[in-house]
Amino acid sequence: MNQKPTKNYQSTSRQNWLLAGAVIVLAAFPLVFVRGEYGGSDDQAKKTITEIKPGYKPWFNHLFEPASGEISSLLFASQAAMGAGVVGYVIGLYKGRSQSRQQSDNKSSE
Amino acid sequence: MAGLSGYIVLGSATPAAAMHISEGFLPVQWAAFWWMVALPFFAVGLRSITRITKEHPELKLLLALAGAFTFVLSALKIPSVTGSCSHPTGTGLGAILFGPSVMAVLGALVLLFQTLLLAHGGLTTLGANMFSMAIVGPFAAYFIYQLLLRTGSQRAAIFCAAALADLLTYVTTSIQLALAFPAASGGFMASFLKFAGIFAITQVPLAISEGLLTLLVWNWLHSYGKPELETLKLLRQES
């Protein structure tokens, strides 16, 4: 009875590595094979808007803008770090909980 | 001359921004229209979140995870085959777990953060961006998931739901821009094809990435978060 869950865990953990690897490959592929500026697709959209409607001017401006590219990358990194922290915390908590439950199950069955 | 000054204003005002519709780039009436469309969904989402947290306080952590997943994914600007960058949305996971209206709120919070602190997106265009990322995406994910669940494996359903939700978010953005800026010749369709060429095509590989990452988190939840997933199945039967 104990064997089956372990096998399942192994196959999902292999699948997880494959999933993470595939994401990295997908992100790296364009960098290696496609020559581009790698600006934001948003800026391209802005350019297209001014092509379609040459006189258009944005009628409202940001209340706050990051002082420089460095600051903006800091804020972006913080956003990712906070999010990843919460995801890691919850998954870690769940993992610990299910492991301690398994241990107590094993003890009671012994 | 006007074009040049316009270019200078545009070029200097905004550092490379890679998300949705930028501040001030929707005419007033369209900005107001999308705000009015988005707000009811936000209200329903708020009610549904209070109901979930009241009935099942133990699900708060999972709710935080769903929000945090969107938070991470929308911070990742990933290069794409078109030679520009865009980011995934991460709204599929929460929509599958909690139903789509919850993501209207969580997605809106992420968009608000990016608008206020990162100058990405905008307050005037928040309604439109909420509609594409926090409403169309999650609802698409939810229905695609329900549809595919009947025909095949749950994992395949989750992957497709998350990937298509991501893609449809950007298709929606293209439609919104094309409605507001129809081309002088060719009208809506010509504009739509232009914007879709920018957003939707860039998004194809990112949508696949999002599907894979959603599956990764789902695998973790499936291994360690069984009790919560069981509770949520009950929730789904109730509603």
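About the cut-offs
- Residues numbered from 1 in each chain as written.
- Chains lettered and ligands numbered in written order.
- Predicted model: local features only at pLDDT ≥ 70, side-chain atom pairs only at ≥ 80, totals over all residues.
- Heavy atoms only, no water.
- Helix = DSSP H or I, 4+ residues; strand = E, 2+ residues; numbered from the N terminus.
- Buried < 20%, exposed > 50% of the residue type's maximum accessible area, 1.4 Å probe, protein only.
- Contact = heavy atoms within 4.5 Å.
- Buried area = accessible area lost by both parts, 1.4 Å probe.
- Salt bridge = Lys/Arg side-chain N within 4 Å of Asp/Glu carboxyl O.
- Polar contact = N/O pair within 3.5 Å; in protein donor to acceptor, adjacent residues only side chain to side chain.

(A) Spatial organisation of the environment of Val 102 of chain B. Residue and element names in this part refer to chain B. Looking at the element boundaries, Val 102 is found in helix 5 (residues 100–118). Assessed through its relative accessible area of 0%, Val 102 is described here as buried. For the pair Val 102 and Thr 50, spaced 52 residues apart in sequence, the C-alpha separation works out to 9.8 Å. Residues in contact with Val 102, not counting those within four places in the same chain, are Gly 45, Ser 48, Ile 49, Ile 52 and Leu 63.

(B) Layout of the interface of chain A and chain B. The interface is formed by 59 residues belonging to chain A together with 76 residues belonging to chain B. Taken together, the two surfaces of chain A and chain B that pack against each other cover about 6100 Å², and 71% of this comes from carbon and sulfur. Summed over the shared surface of chain A and chain B, the number is 2 salt bridges. Across the pair Arg 97 of chain A and Glu 228 of chain B runs a salt bridge, and its minimum N-O distance is 2.9 Å. Applying the counting rule to chain A against chain B returns 16 residue pairs in polar contact (both at pLDDT 80 or more). Residue assignment for the side of chain A that touches chain B shows that the elements contributing at least two residues are helix 1 (3–33), helix 2 (41–52) and helix 3 (69–109) of chain A. Per-element accounting of the side of chain A that touches chain B gives the leading share, 19 residues, to helix 3 of chain A.

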